[in-house]
Amino acid sequence: MGVGVCAGHLPTRILQLFDVQTGIKEARIVSIPMLLPLNQALDPENCGSKAFNLGRIISSGLQSGGGFVLSSEAFQLNLSRLGLESSVVAVLGSESDLKEEAASLREAILQGGISDSLQKTLSAILEPEAVYAVRSSAVGEDGASSSFAGQFDSVLGLSLIHI
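Residue numbers here run from 1 along each chain, matching the order of that chain's written sequence. Totals for whole chains, interfaces and linings use all residues, but because this is a predicted model, local features are given only for residues with pLDDT of at least 70 and pairs of side-chain atoms are given and counted only at 80 or more. Excluding hydrogens and water, the side-chain figures rest on all heavy atoms present in the structure.

### Overview of the overall build of the chain
Argument step 1. Helix and strand assignments follow DSSP, with helices taken as H or I runs no shorter than four residues and strands as E runs no shorter than two, numbered in order from the N terminus. Across its full length, the chain holds six helices and six strands.
Argument step 2. Helices (α) and strands (β) of the chain occur, in sequence order from the N terminus, as β-β-β-α-α-β-α-α-α-α-β-β.
Argument step 3. Residues counted as buried form 24% of the 163 residues belonging to the chain.
Argument step 4. Any two residues whose heavy atoms approach within 4.5 Å at even a single point are treated as in contact. Sequence separation of 24 or more characterises 56% of the internal contacts of the chain that already satisfy a separation of 6 or more.
Argument step 5. Here the chain displays about 10700 Å² of accessible surface, and carbon together with sulfur accounts for 56% of that area. Any residue under 20% of the maximum accessible area for its type is buried, any over 50% is exposed, and the rest in between are partly exposed; the area is computed with a 1.4 Å probe on protein chains only. To be clear on the numbers: accessible area is Shrake-Rupley with a 1.4 Å probe, and residue cover counts the displayed protein chains and nothing else.

### What to know about the packing of helix 3 (residues 72–82) against helix 5 (residues 98–112)
Argument step 1. Interhelical geometry of helix 3 versus helix 5 gives an angle of 90° and a closest axis separation of 10 Å. As summarised for this structure, helix 3 and helix 5 are arranged roughly perpendicular, according to the angle between their axes. For the pair formed by helix 3 and helix 5, the contact residues are F75, L79, R81 and L82 on the first element and A108, I109 and G112 on the second.
Argument step 2. Broken down by class, the residue content of the contact of helix 3 with helix 5 amounts to five nonpolar, one polar and one charged. Here an axis means a line fitted to C-alpha atoms, over the contact stretch when the element is a helix, while the angle between two N-to-C directions is reported on a 0 to 180 degree scale. Note on angle classes: values under 35 degrees are labelled roughly parallel, values over 145 roughly antiparallel, values of 65 to 115 roughly perpendicular, and the remainder oblique. Polar here means any residue other than Ala, Val, Leu, Ile, Met, Phe, Trp, Tyr, Cys and Pro, which are nonpolar, and Asp, Glu, Lys and Arg, which are charged; Gly is therefore polar.

### Some points on the environment of K50
Argument step 1. In this fold, K50 is placed in helix 2 (residues 49–59).
Argument step 2. On the basis of relative accessibility, which here comes to 35%, the residue K50 falls in the partly exposed class.
Argument step 3. Once the C-alpha coordinates of K50 and S137 are considered, the two residues, 87 residues apart in sequence, prove to be 8.5 Å apart.

### Some thoughts on the nonpolar core
Argument step 1. For this analysis, a nonpolar core means a set of buried residues of the types Ala, Val, Leu, Ile, Met, Phe, Trp, Tyr and Cys, connected via side-chain atoms within 4.5 Å. By size, the foremost hydrophobic cluster in this structure holds seven residues: M34, L35, A74, L118, L122, L126 and L160.
Argument step 2. Among the nonpolar cores identified, the runner-up in size contains six residues, and L38, A41, C47 and A51 belong to it.

### Observations concerning a nonpolar patch on the surface
Argument step 1. Within this analysis, patches are made of residues with over 30% relative accessible area and no salt bridge. Like charges are joined at 9 Å or less; nonpolar side chains (Val, Leu, Ile, Met, Phe, Trp, Tyr) at 5 Å or less. Salt bridge criterion: a side-chain nitrogen from Lys or Arg within 4 Å of a carboxyl oxygen from Asp or Glu. On the surface, a nonpolar cluster with roughly 240 Å² of combined accessible area is contributed by L54, I57 and L62.
Argument step 2. Relative to the assigned elements, L54 resides in helix 2.
Argument step 3. Residue classification places L54 among the partly exposed residues on the basis of a relative accessible area of 31%.

### Describing the environment of F75
Argument step 1. Positionally, F75 belongs in helix 3.
Argument step 2. Measuring from C-alpha to C-alpha, the distance between F75 and S115 comes to 10.0 Å, with 40 residues separating the pair along the chain.

### Some remarks on helix 6 (residues 116–125)
Argument step 1. Within helix 6, the full set of buried residues consists of L118, T121 and L122. Mapping the buried residues of helix 6 onto a view down its axis gives an arc of 95°, with all of them on the same face. Set apart from the buried face of helix 6 by more than 90 degrees, the exposed residues are D116 and K120.
Argument step 2. Of the surrounding secondary structure, the elements contacted by the buried residues of helix 6 are strand 3 (35–37) and strand 4 (68–70). To be clear, the arc concerns the directions from the helix axis to the C-beta atoms.

Structure, rendered in structure tokens:
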């Protein structure tokens, strides 16, 4: 699983698939790349429901702008690389006003940047002169019991060096 340089594999896991049209159930052991083309975003728990649904749209032949999704496992690896895992757990478990704590955590992530391997993957896939739209998101951001509309950022017109 993974396309060319997208195959900077993370740990494997079992992915349960169900084809609604045929009723066929299938389990696959897959490696989860750090960066997935949307048409390969098969696991909403790793890619989020928005990327998963965009992938379904693309796979069904409907028009979409295409794109990539950073896997949640890649994000977890980056948090670990930055030594921020315990900070995230503390923020999530806090009962105080989260604005300051979340802002501090966000700043630490922005200052720490992304790993060299993810930067190499992005550089190999993206066109240096093109401009991109980047949308922050979260696994489970929109579901039956919650909606976080407007809580995340979308930044338009970014070049590769600004991603």
